[in-house]
Amino acid sequence: GDRFMASSGYRRIPGNTCTPTSRDPDAPIERPCPQAQPDTPSSPKLGPVTHHTLRVKGEPRLMVFPNSTDYLLMTSEQQLFRTDSEGTKWIEIDLATVDSKIGRPVYLAEHKYDTHRAFVYTDRDVLLFTKDRGATWTRINVPAKANALHIRPLLDFSAEDPDWLLFVGGTECPNCHTEIYASRDNGSHWNRVTTRATKCLFARTLEFHTLPPASVVCTGYDGKSEQDQPHDSPIEVRVFTEPFGKSTHHTIKAPDGCEVGEFHVYGQFMVFAAVCKDELRMCVSDDGRTMYEARFPPGVHVRADAFTLLPAHAGTVLLDVESVRSSEQWGSGYGELFSSNSNGTHFHRVLQHTNRAPSGSVDVERVAGLRGMLLANRVSNADALGPGVHKRLHTVASWDDGLSWHALPPPSDAKCDDCSLHLFGPAMLGNAHFGAPLAPGTMIGVGSVGTHLGRYMQSRTYMSRDGGVTWTDIGDEAQHVLVDHGALIVLVADAKPTDTLRYSADGGVSWTNYRFSDTQVLVDSIEAGDGGGQRVLLSTRPFVESGGISLDESLLVTVDFSQLHAQ
């Protein structure tokens, strides 16, 4: 057979002065070329793909515990389920085993900073928590009922200590108001922090940590006594530095003539929306004590409910400001994308004519797994919009956090001149996610090739393996998920009946069909955990005899790919 020159396996150490007596052991030697070996009983076999179906009443809400195979599932019909195998086997949780008077679950919250904890609130005003991903549950005595004003989140958590909790309770209606309580021992004891608050959060996060560790920031009415009515006083921003004890506070003063309507702890900043007559002014604080008004280029006016904060990166604020208000009939709204300086007070424009939806969502998204990469849709015919004239969207990408923008290249086999790839974004597809943290460089999107973005029902699905530099057409199934660092890719149809998905176990080189249902269903979502189990979960709804979609029940289908490469 064929032979080649290869290393002998020996290496002369630098500085060695010995002289070989015959052949030099460090010299290359001739080796035979390896031959392909036939399958043997010990060779890896391609195992079967299987699926498991759970039928539940109502609409499901899934909570995935990070870095595990454990999920919790709560339905709109107040059922609660748990799986420790990514959905191959579900167990309904009977909260009556904790206490017969607990009631049924109506609110499910995950702990933002402890991946083992979750909390459930019931229709009988009982709070329970788990510290082992739902295996066991313990009752927490709350100091008041949940507020009847629907102020959420009901619970907030601290990045400093997983036992620190914030609970938004309230008094009985009518004339009801909120009462905010803090606990330093996971609910064993509570201290009332303040009343009549419209929102409260722990101030410190993993990025914002200039205030004392336990600090709580609230917006609320400045009532001087328990009898004051909310409309008698303005809203102010208070920071409580000792919420477990004296509840002393300092106020972050808004600009003169303004009051804060909303706030967010965002990256390394606190961002406030201050309403001044009919105009909204965006304000920023980087220390939790002083509020600065954000400065925009001349001619930029920010109205109430007219800006959208986008995921932060590298100590700056990224936001989209509405330029033209969106019409429900024509969907004609668009905006401008701005980025801030290092302290969040001065903004410069990075992209014009960004596509906006009437809801305020924006077609700008950071690509997970690729630091500094953004995808956006621009309205290329912004000046011509009006009755009978619809948006033409053009997708652009930035690899330098918005400093420069470029069109996406079409697939190499595209038969068109002067065309590019255009992808649907969050403003049109709420679940548009182009990358995955565990598969850096791999991107999947739904769209079309041409001079602008085409209709959704005629769209195709495209994949890139090099961070958006080149793209490949991989099919017409619009919903997708990346599993196992991108080695496993799963596609399934969106907005039309189906019983089959398609998967690739070699990174998109080859594809296989798999039938996951005996009947046609509508797939609402597809997702996978990050526990390494190689399973995906489809949330589906069956069809009824009249041909419509069932609104009374859902089918959760777990497709198990874990045996594909079983040894």
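Provided above is the structure to which this section pertains.
Residues numbered from 1 in each chain as written. Predicted model: local features only at pLDDT ≥ 70, side-chain atom pairs only at ≥ 80, totals over all residues. Heavy atoms only, no water.

Colleague: What am I meant to see in unusual backbone geometry here?
Modeller: Comment: phi is negative for the bulk of residues other than glycine, and the bulk of peptide bonds are trans. That bond from Arg 152 to Pro 153 is cis: its omega, 10°, falls within 30 degrees of zero. Relative to the assigned elements, Pro 153 resides in the loop between strand E12 (145-146) and strand E13 (155-157). In the segment running from Cys 173 into Pro 174, the intervening peptide bond is cis, with an omega of 5°. Positionally, Pro 174 belongs in the loop between strand E14 (165-170) and strand E15 (178-183). Notably, Asn 186 is not glycine yet its phi reads approximately 60°, a positive angle. The residue Asn 186 is located in the loop between E15 and strand E16 (191-195) in this model. Unusually for a residue other than glycine, Asp 418 sits at a positive phi of about 55°. (Helix = DSSP H or I, 4+ residues; strand = E, 2+ residues; numbered from the N terminus.)

Colleague: Explain the sheet that holds strand E34 (residues 443-450) to me, please; I cannot follow it from the model alone.
Modeller: The pairing of strands in a sheet comes from backbone hydrogen bonds and takes either a parallel or an antiparallel form. Reading across from one edge, E33-E34-E35-E36 is the order of the four strands in this open sheet, with antiparallel pairing throughout. Every interior strand has two partners, whereas the edge strands, strand E33 (420-423) and strand E36 (472-475), have only one. Going across the sheet, the axis of each strand differs from the next one's by a mean of 55°, ignoring polarity. (Pairing = 2+ DSSP bridges. Axes fitted to C-alpha atoms, helices over the stretch in contact; angles between N-to-C directions.)

Colleague: So what exactly am I meant to see when it comes to empty space enclosed by the protein here?
Modeller: To find leftover empty space, one rolls a probe the size of a water molecule over the atoms. Evaluated as defined, the whole model comprises two cavities of 30 Å³ or more. Considering the residues around the largest cavity, the lining is formed by Asp 363, Leu 375, Ala 376, Asn 377, Thr 395, Leu 423, Phe 424, Gly 425, Pro 426 and Phe 434. Looking at the lining of the largest cavity, the element that brings in the most residues is strand E30 (residues 374-379), giving three residues. Classifying every residue of the lining of the largest cavity by side-chain character gives six nonpolar, three polar and one charged. What lines the second largest cavity is Thr 194, Thr 195, Ala 197, Cys 218, Thr 219, Gly 220, Arg 238 and Phe 240. Mapped by element, the contributors of at least two residues to the lining of the second largest cavity are E16, strand E18 (216-221) and strand E19 (235-240). Counting residues per element, the lining of the second largest cavity draws most heavily on E18, which supplies three residues. (1 Å grid on protein atoms, 1.4 Å probe; cavity = no way out; pocket = protein on both sides within 12 Å on 5 of 7 lines; lining within 4 Å. Points joined across faces, edges and corners; volume = space filled by probe spheres on them. Nonpolar A, V, L, I, M, F, W, Y, C, P; charged D, E, K, R; others polar.)

Colleague: Teacher, can you tell me more about the nonpolar core here?
Modeller: Generally speaking, a soluble globular protein has its nonpolar side chains buried in company with each other. Formed by 28 residues in total, the largest nonpolar core has its most connected members in Met 282, Phe 296, Phe 307, Leu 319, Val 321, Leu 337 and Phe 347. Taken together, the elements giving at least two residues each to this core come down to strand E22 (269-276), strand E23 (279-285), strand E25 (307-313), strand E26 (316-324), strand E27 (334-340), strand E28 (347-355) and E30. With sequence-adjacent residues up to four places away left out, Leu 319 is seen in contact with Met 282, Phe 296, Phe 307, Thr 308, Leu 309, Leu 310, Glu 336, Leu 337, Phe 338 and Phe 347. Among the nonpolar cores identified, the runner-up in size contains 22 residues, and Phe 434, Met 443, Trp 471 and Ala 478 belong to it. (Core = buried A, V, L, I, M, F, W, Y, C linked by side-chain atoms within 4.5 Å. Buried < 20%, exposed > 50% of the residue type's maximum accessible area, 1.4 Å probe, protein only. Contact = heavy atoms within 4.5 Å.)

Interpretation note: all reported values are geometric properties and have no functional meaning in isolation.
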